[in-house]
Amino acid sequence: MSTRKGLERFGVVAPTIVREPARDAQKIPICAECGHPVANSKGSQSIERPTLVDDDLDGVDRLITFGWSCERHAYDVVMPAHAHGPSAPGMIDGWIGLEVEFVDGHVRHVPTPEREVTDVE
């Protein structure tokens, strides 16, 4: 996650730009916004003000996910790994898949710790 910039220092946080993961010709993860290599950012990421498909989760202001991020922008860009459904098969125990709308309007499941949403419900 990037350091606090601009209005973030005063508690005003812009929504995170959520994009599909991208790779270059050598299959190295790159930023879907600028093409910069992001392989070293792989890990837990934070999505501020996510657009969740489940109406019961409207109160979620911040969602933890697993994937990549790019800090070369004046805004946060996160590229979540794929969670192939709500049970997030292939992820470690305690993680589930939530449907998130990406900046391009595409909706898919992204991995998140189950405890992150059970605290909200």
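Residues numbered from 1 in each chain as written. Predicted model: local features only at pLDDT ≥ 70, side-chain atom pairs only at ≥ 80, totals over all residues. Heavy atoms only, no water.

Draft legend 1. The confidence of the model for the protein chain, seen in detail. The pLDDT averaged across the protein chain works out to 88; a share of 91% of its residues lies at or above 70. Looking over the protein chain, one finds the lowest element-wise mean pLDDT in helix α1 (residues 114–118), namely 82, and the highest in strand β3 (residues 29–30), namely 98. (pLDDT = per-residue confidence, 0-100. Helix = DSSP H or I, 4+ residues; strand = E, 2+ residues; numbered from the N terminus.)

Draft legend 2. Up close: the environment of Ser-41. Tracing the backbone through its elements, the reader meets Ser-41 in the loop between β3 and β4 (43–48). As for Ser-41 and Ile-92, which are separated by 51 residues in sequence, their C-alpha atoms are 19 Å apart. Ignoring anything within four residues of it in the chain, the contact list for Ser-41 reads Gly-67, Trp-68 and Ser-69. Polar side-chain contacts of Ser-41 include one of 2.9 Å to the backbone nitrogen of Ser-69. (Contact = heavy atoms within 4.5 Å. Polar contact = N/O pair within 3.5 Å; in protein donor to acceptor, adjacent residues only side chain to side chain.)

Draft legend 3. Broad picture of the side chain of Arg-108. As for its placement among the helices and strands, Arg-108 is situated in strand β8 (residues 107–113). Among the polar contacts listed, one links the side chain of Arg-108 to the side chain of Glu-20, at a separation of 3.0 Å. At 2.8 Å, the side chain of Arg-108 and the backbone oxygen of Pro-80 are in polar contact. Look past the residues within four positions of Arg-108 in its chain and what remains in contact with it is Glu-20, Pro-21, Pro-80, Ala-81, His-82, Ala-83, Leu-98, Glu-99, Val-100 and Phe-102.

Draft legend 4. Structural view of the side chain of Thr-16. You can see Thr-16 is positioned in the segment before β1 (17–18). Within the local environment of Thr-16, its side chain forms a polar contact with the backbone nitrogen of Glu-48, the two atoms lying 2.7 Å apart. Thr-16 has contacts with Ser-46, Ile-47, Glu-48, Asp-76, Val-77 and Val-78, leaving out every residue within four places of it along the chain.

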